[in-house]
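Structure at a glance
Spelled out, the chains give:
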Amino acid sequence: MRPEKAERLADLLFELRCAAEDIATAVDEDSPVEEIRGLCAELVTLARRAEHLR
């Protein structure tokens, strides 16, 4: 993998972790279901972006 792709992947993995932490926080705080759904959709979008870096 080229260094540029490796750096982009590392950035996306950081974003994925942050998105997962946001979901965990929202659940812990009993956030509305719609908010949690939106956070989950964002997580899926980030994961799909990461998949395209192959």
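How each quantity is defined
Residues numbered from 1 in each chain as written. Predicted model: local features only at pLDDT ≥ 70, side-chain atom pairs only at ≥ 80, totals over all residues. Heavy atoms only, no water. Helix = DSSP H or I, 4+ residues; strand = E, 2+ residues; numbered from the N terminus. Expected span 1.5 Å × (residues − 1). Buried < 20%, exposed > 50% of the residue type's maximum accessible area, 1.4 Å probe, protein only. Arc of directions from axis to C-beta. Disulfide = S-S within 2.5 Å.

Taking 1.5 Å per residue as the helical rise, helix α2 (residues 33–51) with its 19 residues ought to reach 27 Å, and the 27 Å between its terminal C-alpha atoms agrees with that figure. What α2 keeps buried is the set Ile-36, Leu-39, Leu-46 and Ala-50. For α2, the angular spread of the buried residues around the axis is 80°, confining them to a single face. Exposed positions of α2 whose direction lies more than 90 degrees from the buried face are Val-33, Glu-34, Arg-37 and Arg-48.

Time to look at the state of the cysteines. A complete count under the given rule lists zero disulfides for this structure. Considering cysteine sulfurs only, Cys-40 is the nearest to Cys-18, which forms no disulfide, with 15 Å between them. For Cys-18, a relative accessible area of 23% corresponds to the partly exposed category.

Any link to function would need more than the numbers given here.
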